[in-house]
2 protein chains.
Amino acid sequence: MSPRTGRRIGDSGTREAILRAARQRFAHQGYDAASIRQIADDAGVDPALVHHFYGTKENLFVTAVGFPALPSELLAQVGDGARGRLGERLLRSLLEVWETREGRARLVALVRSAVSNDAAMEMLRQFLTSAILDQVAATLEVPDAELRASLVASQVVGLALARYVFRIRPLATAPADDVVAAVGPTLQRYLTGKLDVWSGAGS
Amino acid sequence: MSPRTGRRIGDSGTREAILRAARQRFAHQGYDAASIRQIADDAGVDPALVHHFYGTKENLFVTAVGFPALPSELLAQVGDGARGRLGERLLRSLLEVWETREGRARLVALVRSAVSNDAAMEMLRQFLTSAILDQVAATLEVPDAELRASLVASQVVGLALARYVFRIRPLATAPADDVVAAVGPTLQRYLTGKLDVWSGAGS
């Protein structure tokens with residue numbers, strides 16, 4: 001494979017053509033079915049050039065749709081440390097991105113496009129499942145790993161919506177540390193706790 | 001005040017005119033500022049007729065925008081019982097509405113309009129705060145009642161989104177009882193538990 005296919009490497013027009021082709025493929029075919037090869041064909045470049053510019057399909061997706069985190073990097077950071085504080089680390093990593101102006105803007109834009117557009121939602125649903133939830137489930141080594149991952153998703157998406165989109169006070173204005181203290185244990189229980197019993201609830 | 005103002009009581013055109021005026025007032029002014037009197041004026045009827053048809057402002061709002069529950073009724077049901085299972089009862093009451101075809105359709109439509117339209121979002125945010133979260137906070141008699149109510153909102157909104165809008169599996173297809181067992185304790189902790197300590201998480 002030759003990375004030189006008539007366009008100069010580094011040409012910003014080529015990069016933009018690749019991202020445009022990627023957005024269309026991901027939107028029309030979903031994350032799982034879209035391939036780097038097809039995207040390269042659509043953009044009129046060699047697949048090696050797409051890899052050269054954007055690395056993995058995950059990274060191409062993150063760049064093309066403005067996903068507010070690189071999941072594989074996030075998961076590597078989160079996985080490194082005590083299992084009993086997995087929920088806290090996951091939440092801190094997400095908040096680090098979301099509490100920046102750019103990260104928050106991307107998050108809000110993404111939620112809006114997913115909720116208002118079925119193709120965007122399906123694309124995002126597949127990406128969340130393949131690139132995040134399945135990976136989390138595979139490393140957990142607990143029963144009901146998929147259910148646990150989807151419960152984490154429900155609280156994470158709900159937190160993002162309540163804090164940044166709906167801006168429900170006082171959650172919208174609470175310091176990040178307070179959010180971690182309040183919501184971290186929820187994620188921890190979903191990840192490694194007991195899901196089918198009432199722990200500590202009186203009657 | 002006379003309920004007879006040139007239109008026949010029970011006239012479905014009058015009811016529709018009231019609902020249309022209500023939708024516009026709520027969308028433009030928000031839930032808190034909109035009044036039954038203004039809505040009646042806009043619809044060209046006496047305020048008493050609006051009360052006769054729709055009772056409270058809360059009920060008029062619920063009918064006009066298709067809110068998938070009457071909060072005051074829901075909260076009365078939920079409040080009646082053991083405090084240690086408040087989270088479970090709240091979740092069961094919500095799922096009873098959402099697991100019906102009509103309740104789910106209304107919920108999805110409402111989330112979509114709120115996320116894609118700023119006026120609809122502000123209207124819903126005010127209604128959630130005034131008609132639900134402030135009421136919950138007032139009855140809790142615990143510190144940080146407002147933060148607790150907004151944390152409950154984050155998990156409830158996230159569950160609705162993950163289960164019915166994004167349809168993230170297996171949460172989207174799990175039996176309602178499993179959802180209550182998994183998510184009920186989260187709501188219980190947000191409502192009455194400790195929010196600022198790590199309960200039972202090893203290091």
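Computed from a prediction, not measured in an experiment: that's the story for all the values here.

Right, let's get into the interface of chain A and chain B. Facing 50 residues of chain A, the contacting portion of chain B comprises 50 residues. Both faces considered, chain A and chain B share a buried interface measuring about 4300 Å² in area, 71% of it formed by carbon and sulfur atoms. The interface formed by chain A and chain B holds two salt bridges in total. Note that D118 of chain B and R112 of chain A form a salt bridge whose closest N and O atoms lie 3.0 Å from each other. Across the chain A-chain B interface, the total number found is 16 residue pairs in polar contact (both at pLDDT 80 or more). Among the elements of the structure, α7 (101-116), α8 (118-140), α9 (145-165) and α10 (176-192) of chain A are those that each provide at least two residues to the side of chain A that touches chain B. No other element matches α9 of chain A, which puts 13 residues into the side of chain A that touches chain B. Broken down by class, the residue content of the side of chain A that touches chain B amounts to 30 nonpolar, ten polar and ten charged.

Residue and element names in this part refer to chain A. Residues at a pLDDT of 70 or more form 92% of chain A, whose mean pLDDT is 87. Contacts for the low-pLDDT stretch residues 198-203, under 50 throughout, to residues beyond four places or in other chains number nine contacts. Interface confidence for the predicted complex, given as ipTM, is 0.84, next to a pTM of 0.85.

All right, on to the packing of helix α1 (residues 12-33) of chain A against helix α3 (residues 47-54) of chain A then. For any two helices packed against each other, one specifies the crossing angle of their axes together with the interaxial distance. Residue and element names in this part refer to chain A. Running from amino to carboxyl end, α1 crosses α3 at an angle of 100°, the nearest separation of the two axes being 11 Å. Considering their axes alone, α1 and α3 lie roughly perpendicular with respect to each other. Across the interface between the two elements, T14, R15, I18 and L19 from α1 touch L49, V50, F53 and Y54 from α3. Its residues assigned to classes, the contact of α1 with α3 shows six nonpolar, one polar and one charged.

This part is about the nonpolar core. Counting residues in each nonpolar core, the largest one holds 146 residues, and the members touching the most others are L60 and F67 of chain A together with L60 and F67 of chain B. If we ignore the near neighbours within four places in the chain, the residues touching L60 of chain A are I18, L19, A22, F26, I36, I39, V50 and Y54 of chain A.

Once that is clear, we can look at unusual backbone geometry. Each neighbour pair has its own omega, and for R169 of chain A with P170 of chain A the value is 0°, a cis peptide bond. Residue placement: P170 of chain A occurs in the loop between α9 and α10. A positive phi is found at R167 of chain A, a non-glycine position, where the angle reads about 50°. With respect to the secondary-structure elements, R167 of chain A resides in the loop between α9 and α10. What makes R167 of chain A partly exposed here is its relative accessible area of 38%. Phi at E141 of chain B takes a positive value of approximately 55°, unusual for a residue other than glycine. Mapped onto the elements of the fold, E141 of chain B is located in the loop between α8 (118-140) and α9 (145-165). Residue class for E141 of chain B comes out exposed when judged on its relative accessible area of 74%.

All names here are of chain A. Taking 1.5 Å of rise per residue, the 21 residues of α9 would be expected to cover 30 Å, and the 29 Å separating its terminal C-alpha atoms lies within 8% of that figure. Across the 21 residues that make up α9, a large majority, 20, are buried. After α9 finishes, the residue R167 shows a positive phi value of roughly 50°.

This next bit is on helix α2 (residues 36-43) of chain A. Residue and element names in this part refer to chain A. Along α2, the positions that sit buried rather than exposed are I36, I39, A40 and A43. Axial view of α2: buried residues confined to an arc of 100°, hence all on one face. Facing away from the buried side of α2, by more than 90 degrees, are the exposed residues R37 and D41. Buried-residue contacts for α2 involve α1, α3 and α4 (57-65). Positioned one or two residues after α2, G44 has a phi angle of 70°, which is positive.

Superposing chain A onto chain B takes a rotation of 180° plus a shift of 0.0 Å along the axis, which leaves an RMSD of 0.0 Å. In short, the pair behaves as if placed about a two-fold rotation axis. Closest to the rotation axis within chain A is the C-alpha of G158 of chain A, separated from it by 1.7 Å. Mapped onto chain B, 100% of the interface residues of chain A are again interface residues, and the two copies thus contact each other with one and the same surface.

Residues and elements named next belong to chain A. Going through the model one piece at a time under the given rule, you end up with 16 aromatic pairs over all chains. With a centroid separation of 5.0 Å and 75° between ring planes, the pair formed by F26 and F61 is classed as edge-to-face. Of this pair, F26 sits in helix α1 while F61 is found in helix α4, placing the two residues 35 residues apart along the sequence. Taken together, a centroid distance of 5.1 Å and an interplanar angle of 80° make the contact between Y31 and F61 edge-to-face. In this pair, Y31 is assigned in helix α1 and F61 in helix α4, connecting sequence segments 30 residues apart. Across the pair, exposure class does not vary: Y31 and F61 are buried alike. Grouped by ring-pair contacts, the aromatic residues F26, Y31, F61, F67 and F127 constitute a single cluster. We note R15 situated over the ring of F53; from NZ or CZ to the ring centre the distance is 4.1 Å.

Rules behind the numbers
Residues numbered from 1 in each chain as written. Chains lettered and ligands numbered in written order. Predicted model: local features only at pLDDT ≥ 70, side-chain atom pairs only at ≥ 80, totals over all residues. Heavy atoms only, no water. Contact = heavy atoms within 4.5 Å. Buried area = accessible area lost by both parts, 1.4 Å probe. Salt bridge = Lys/Arg side-chain N within 4 Å of Asp/Glu carboxyl O. Polar contact = N/O pair within 3.5 Å; in protein donor to acceptor, adjacent residues only side chain to side chain. Helix = DSSP H or I, 4+ residues; strand = E, 2+ residues; numbered from the N terminus. Nonpolar A, V, L, I, M, F, W, Y, C, P; charged D, E, K, R; others polar. pLDDT = per-residue confidence, 0-100. Axes fitted to C-alpha atoms, helices over the stretch in contact; angles between N-to-C directions. Parallel < 35°, antiparallel > 145°, perpendicular 65-115°, else oblique. Core = buried A, V, L, I, M, F, W, Y, C linked by side-chain atoms within 4.5 Å. Buried < 20%, exposed > 50% of the residue type's maximum accessible area, 1.4 Å probe, protein only. Expected span 1.5 Å × (residues − 1). Arc of directions from axis to C-beta. Least-squares fit on C-alpha atoms with pLDDT ≥ 70 in both. Phe/Tyr/Trp six-rings, centres within 6.5 Å; stacked < 30°, edge-to-face > 60°. Lys NZ or Arg CZ within 6 Å of the ring centre and 35° of its normal.

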